[in-house]
Amino acid sequence: MMKLLLRLPVAGVAEAWPTETACRERLIVARWPGGIRCPKCESGQIGFLEKRKNYRCKSCRLQFTAQSHSLLHRSHVDLQKWFRTTELLIWHNAHHPDLNYPTGHDLKDHLEISYAAAHAIKKKILKELLLPDGGLLGSCVSVGPAVNAPADVLAGSSDELLWYDAHITT
């Protein structure tokens with residue numbers, strides 16, 4: 001989580017992507033860096049259905065959105081809230097990896113959503129952040145240049161944690 005924390009936008013996620021449209025555009029770039037591809041057949045022959053605000057694969061005819069076939073699939077929670085929660089969990093877990101905070105109740109109040117939704121989002125994001133580069137959401141919000149400890153610092157050691165900690169506070 002330290003590597004993700006060091007790559008968060010300096011001004012914060014809310015400033016970097018202030019609108020739902022900006023979040024959706026960032027999600028598209030993070031999910032498909034080489035251009036939008038069909039989640040079913042991987043075709044790059046994609047059209048956009050303006051009226052329905054979704055994409056359509058010209059090969060297999062699948063209709064999908066930027067969120068389809070991902071952990072965000074069928075979520076009724078705004079992308080801005082997903083991004084802010086991801087930032088909060090990265091920050092908190094990098095500084096306090098031994099604590100289970102923020103709780104679902106904390107997130108419920110912070111995001112102004114139900115406890116059930118807040119708890120589900122927290123579980124999904126924490127699972128996603130364990131993937132390489134933080135998974136899809138980690139890639140969305142951690143956009144700064146990669147920061148790695150020097151080669152002489154053993155990966156996974158307490159020295160590595162101290163090195164990252166020194167770079168977080170400076």
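Residues numbered from 1 in each chain as written. Predicted model: local features only at pLDDT ≥ 70, side-chain atom pairs only at ≥ 80, totals over all residues. Heavy atoms only, no water.

A.B. asks: Describe the pattern of salt bridges, listing the residues and the values that go with them.
C.D. replies: Scanning the model with the defined rule gives three salt bridges in all. K53 is paired through a salt bridge with E50; the nearest N and O atoms lie 2.5 Å apart. Like K53, the residue E50 is exposed in the burial classification. We note a salt bridge from D109 to K108, for which the minimum N-O separation is 3.0 Å. We classify D109 as exposed; its relative accessible area is 54%. Of the residues examined, K108 reaches a relative accessible area of 26% and is grouped as partly exposed. (Salt bridge = Lys/Arg side-chain N within 4 Å of Asp/Glu carboxyl O. Buried < 20%, exposed > 50% of the residue type's maximum accessible area, 1.4 Å probe, protein only.)

A.B. asks: Please provide a residue-by-residue account of the sheet that holds strand β1 (residues 46–49), values included.
C.D. replies: Hydrogen bonding along the main chain pairs the strands of a sheet, whether they run parallel or antiparallel. With antiparallel pairing, three strands are arranged side by side in an open sheet as β1-β2-β3. Because the sheet does not close on itself, it has two edges, and the strands there are β1 and β3 (63–64). (Pairing = 2+ DSSP bridges. Helix = DSSP H or I, 4+ residues; strand = E, 2+ residues; numbered from the N terminus.)

A.B. asks: Run through the packing of aromatic side chains, naming residues and quoting values.
C.D. replies: Going through the model one piece at a time under the given rule, you end up with four aromatic pairs. Members of the aromatic cluster, connected to one another through ring pairs, are W32, F48, Y55 and F64. (Phe/Tyr/Trp six-rings, centres within 6.5 Å; stacked < 30°, edge-to-face > 60°.)

A.B. asks: Lay out unusual backbone geometry in plain terms, naming residues and giving numbers.
C.D. replies: You will see that K53, though not glycine, has its phi angle at about 60°, which is positive. Inspection of the secondary structure puts K53 in the loop between β1 and β2 (54–57). Despite not being glycine, H69 shows a phi value in the positive range, around 60°.

A.B. asks: Talk me through helix α3 (residues 20–31); I want residue IDs and the actual numbers.
C.D. replies: Between the first and last C-alpha of α3 there are 16 Å, a value that for twelve residues agrees with the 16 Å anticipated at 1.5 Å per step. Every buried residue of α3 is accounted for by A22, C23, R26, L27, I28, A30 and R31. (Expected span 1.5 Å × (residues − 1).)

A.B. asks: Got a sec to walk through the side chain of Q67? Specific residues and values, please.
C.D. replies: You can see Q67 is positioned in the loop between β3 and α4 (79–95). The class for Q67 is buried, based on a relative accessible area of 12%. Reaching out from Q67, the side chain makes a polar contact with the backbone oxygen of L72 at a distance of 3.5 Å. When residues no more than four places from it in sequence are discounted, the contact partners of Q67 are R24, L27, R31, L72, H73, S75 and L79. (Polar contact = N/O pair within 3.5 Å; in protein donor to acceptor, adjacent residues only side chain to side chain. Contact = heavy atoms within 4.5 Å.)

A.B. asks: I'd love a proper account of the pairing of β2, names of residues and values included.
C.D. replies: Sheet topology note: the β1/β2 ladder contains four bridges and is antiparallel. Each residue of the ladder has a partner; that of L49, found in β2, is N54. Connecting the antiparallel pair β1 and β2 is a turn made up of four residues, with K53 showing a positive phi of about 60°. Relative to β3, β2 runs antiparallel, the two being bridged by two bridges. Following the sheet pairing, R56 is matched in β3 by Q63. Hairpin remark: β2 followed by β3, antiparallel, with five residues in the connecting loop; positive phi at R61, about 70°.

A.B. asks: Now, about helix α5 (residues 104–111): what can you tell me, with residues and values included?
C.D. replies: Residues separated by three or four positions in an α-helix point in the same direction, a consequence of the helix having 3.6 residues per turn. Within α5, burial applies to G104, L107 and L111. Buried residues of α5, viewed axially, fall in a sector of 60°; they line one side. Packing partners of the buried residues in α5 comprise α4 and α6 (115–129). E112 lies just past α5 and shows a positive phi near 60°. (Arc of directions from axis to C-beta.)

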